[in-house]
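What the coordinates show
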Amino acid sequence: MVLSKAASENDLSVHSTFASRYVRVSLPRFKMPENSIPKDAAYQIINDELMLDGNPRLNLASFVTTWMEPECDKLIMDSINKNYVDMDEYPVTTELQNRCVNMIANLFNAPLGEGEAAVGVGTVGSSEAIMLAGLAFKRKWQKKMKAQGKPYDKPNIVTGANVQVCWEKFARYFEVELKEVKLEDGYYVMDPQKAVEMVDENTICVAAILGSTLNGEFEDVKRLNDLLVEKNKETGWDTPIHVDAASGGFIAPFLYPDLEWDFRLPLVKSINVSGHKYGLVYAGIGWVIWRSKEDLPEELIFHINYLGADQPTFTLNFSKGSSQVIAQYYQLIRLGYEGYKNVMENCQENARVLREGLEKTERFNIVSKEIGVPLVAFSLKDNSRHNEFEISDHLRRFGWIVPAYTMPPNAEHVTLLRVVIREDFSRTLAERLVNDIQKVLHELDTLPARVSAKLAVAEESEREVHKKSAMEVQLEITNVWKKFVAEKKKTKNVIC
């Protein structure tokens, strides 16, 4: 005799998530729900919504690592519940951080004696690292000006207009004037000569970028150092240099070992680098290294003992996970110099394949340089009918996330597309991307020029009133298209 019974509302054992009531209601957006739900249902409905995110491996806008070996993934998960700041409870993790600092300082040619510990700290990224380095420069400058009986309320930093937004944040948050060297057409990094001309007695440091976010180019730190040495001799100042090597710090030592940009230059006092970029670790780890103890004011270091022992700390935040520190140490000993060099050479070669593929279309100008971060930045030779924003938008249909953006002031009429070549971007993917870009170009060629055509009609009616330059037309097209894409994303609720 077969026995059966109807499943009750509370008998969840026979229900799949998709047969339950939990998929019939919208997910909470503003208030915590009153009742609990089963763990498998919570996982399923969140996981399903996350499918609408882009594929991280195809996100060619990002410099951040999107793949690591399974063995390192396991280390990360095994240590995900460790709070890094509890140094007395997790002394081995603290030791691993110190080893990373020593190895990176050695990579950057810090002037250390045999067995001498380097001065540096792990951060949550280069933004925090830059904040800490900037605070050290500001405090040293203030102490010097006070000792000389001079005003110390108007510090400034000299940078190029191509700096990452974290420099603007530092300047605004910590009340430091940001003096930017404007870009020029065809020259999209800081000009060392113009930078040194902007230096005055209140300059706490000059910030050079080893790997511009815009086109991957390395700034000439050696020339900047030499010019600044001369100016310091003439004026009696001691203006130092900070190198923002967020992207290039784990590239230059392996691809361009003879390039002088680091502590081999006497005025370079601190360097930041992103472990989660070409340091090959998932997001959440950066490093800042100082030349010597004298370059990090002691009064910025706090000492606490309520976690079990005296612990020095110089960070903007307090609690943070240990996983990324451990993952960085894994990569450093797993790959070694040989492994990092092989990875960077592969990235460089795949960037060359992509660059040559784009050049063969005869439709693009390549703006990125062969020496620098392995990326390809390019613009249309003719954008009178369709522009870079349209190409970026159409590539999303193939799964690719390729950003389009305008350059900073004095070059804002230039619009670029940029593809960052990471460790997990293979030659096959590079060739596939070129093919998909060619498909997009063919599709756009068969379509009417949407934004450009509308502007052309309006321009024709105004021709007698006001004749616009080619640059003005391009800026107007770019702005209208950016507004169009923004509205499109808003109406479709696209997650970027």
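Residues numbered from 1 in each chain as written. Predicted model: local features only at pLDDT ≥ 70, side-chain atom pairs only at ≥ 80, totals over all residues. Heavy atoms only, no water.

Where we set the bar: UniProt positions are given in the numbering used here, feature names are shortened, and annotations may be inferred rather than shown by experiment.
For the protein, the name recorded in an unreviewed UniProt entry is Glutamate decarboxylase, with Anisodus tanguticus as its organism. Per its UniProt entry, the protein bears the Function (unreviewed entry) comment "Catalyzes the production of GABA. The calmodulin-binding is calcium-dependent and it is proposed that this may, directly or indirectly, form a calcium regulated control of GABA biosynthesis."

A closer look at the nonpolar core
Filter applied, for reference: As used here, the term nonpolar core means buried Ala, Val, Leu, Ile, Met, Phe, Trp, Tyr and Cys residues forming a set that is joined through side-chain atoms within 4.5 Å. The buried label goes to any residue with under 20% of its type's maximum accessible area, the exposed label to any with over 50%, and the partly exposed label to all in between, with areas taken from a 1.4 Å probe on protein chains only. Residue contacts follow a heavy-atom distance rule, with two residues in contact if any of their heavy atoms lie within 4.5 Å.
In terms of nonpolar packing, the biggest core is built from 102 residues, with Val 243, Phe 250, Trp 261, Tyr 278, Met 344, Leu 354 and Ile 391 touching the most fellow members. Met 344 has contacts with Phe 250, Ile 251, Phe 254, Leu 255, Tyr 278 and Leu 280, leaving out every residue within four places of it along the chain. Val 121, Ile 130, Val 176 and Leu 300 belong to the second largest nonpolar core, which has 27 residues in total.

Some thoughts on the sheet that holds strand S12 (residues 404-406)
The condition that has to hold: A pair of strands counts as paired when DSSP detects no fewer than two bridges linking them. Helix numbering and strand numbering both begin at the N terminus, where a helix is a DSSP run of H or I of at least 4 residues and a strand a DSSP run of E of at least 2. To obtain an axis, a line is fitted to C-alpha atoms, over the contacting stretch when the element is a helix, and the angle between two such axes runs from 0 to 180 degrees between their N-to-C directions.
A sheet is described by the order of its strands in space; here four strands give the open sequence S10-S11-S13-S12, paired in antiparallel fashion. Strands at the two margins of the open sheet, each flanked by one partner only, are strand S10 (364-366) and S12. Mean inter-strand twist for the sheet, computed between neighbouring axes without regard to direction, equals 40 degrees. As defined by bridge partners, S12 adjoins strand S13 (residues 415-420) across three bridges and the pair is classed as antiparallel. When the sheet's bridge partners are listed, Tyr 405 is paired in S13 with Leu 416.

Observations regarding helix H11 (residues 427-446)
For clarity, the cut-off: Expected span of a helix: the number of residues minus one, times 1.5 Å.
The terminal C-alpha atoms of H11, which comprises 20 residues, lie 29 Å apart, in line with the 28 Å expected from a rise of 1.5 Å per residue. Every buried residue of H11 is accounted for by Ala 430, Leu 433, Val 434, Asp 436, Ile 437, Val 440, Leu 441 and Leu 444. As for H11, its buried residues are in contact with helix H9 (323-361), S10, strand S11 (375-380), helix H10 (388-395) and S13.

Overview of unusual backbone geometry
One non-glycine residue, Glu 362, adopts positive backbone phi at about 60 degrees. In this structure, Glu 362 sits in the loop between H9 and S10. The phi dihedral of Asn 410 is positive, around 80 degrees, even though this residue is not glycine.

Observations regarding the UniProt feature "modified residue: N6-(pyridoxal phosphate)lysine" (unreviewed entry) in the protein
As recorded in UniProt, the feature "modified residue: N6-(pyridoxal phosphate)lysine" (unreviewed entry) lies at Lys 277. When you line up the elements, Lys 277 lands in the loop between strand S6 (268-274) and strand S7 (286-290). Since its relative accessible area comes to 17%, Lys 277 is described here as buried. Contact partners of Lys 277, with chain neighbours within four places excluded, come to Phe 63, Val 64, Thr 65, Ala 246 and Ser 247.

Topic: the environment of Met 103
Topologically, Met 103 is positioned in helix H3 (residues 91-107). Of the residues examined, Met 103 reaches a relative accessible area of 34% and is grouped as partly exposed. Considering only alpha carbons, one finds Met 103 and Ala 118, 15 residues apart in sequence, at a separation of 8.6 Å. When neighbours within four sequence positions are excluded, Met 103 is seen to be in contact with Tyr 329, Leu 332 and Ile 333.

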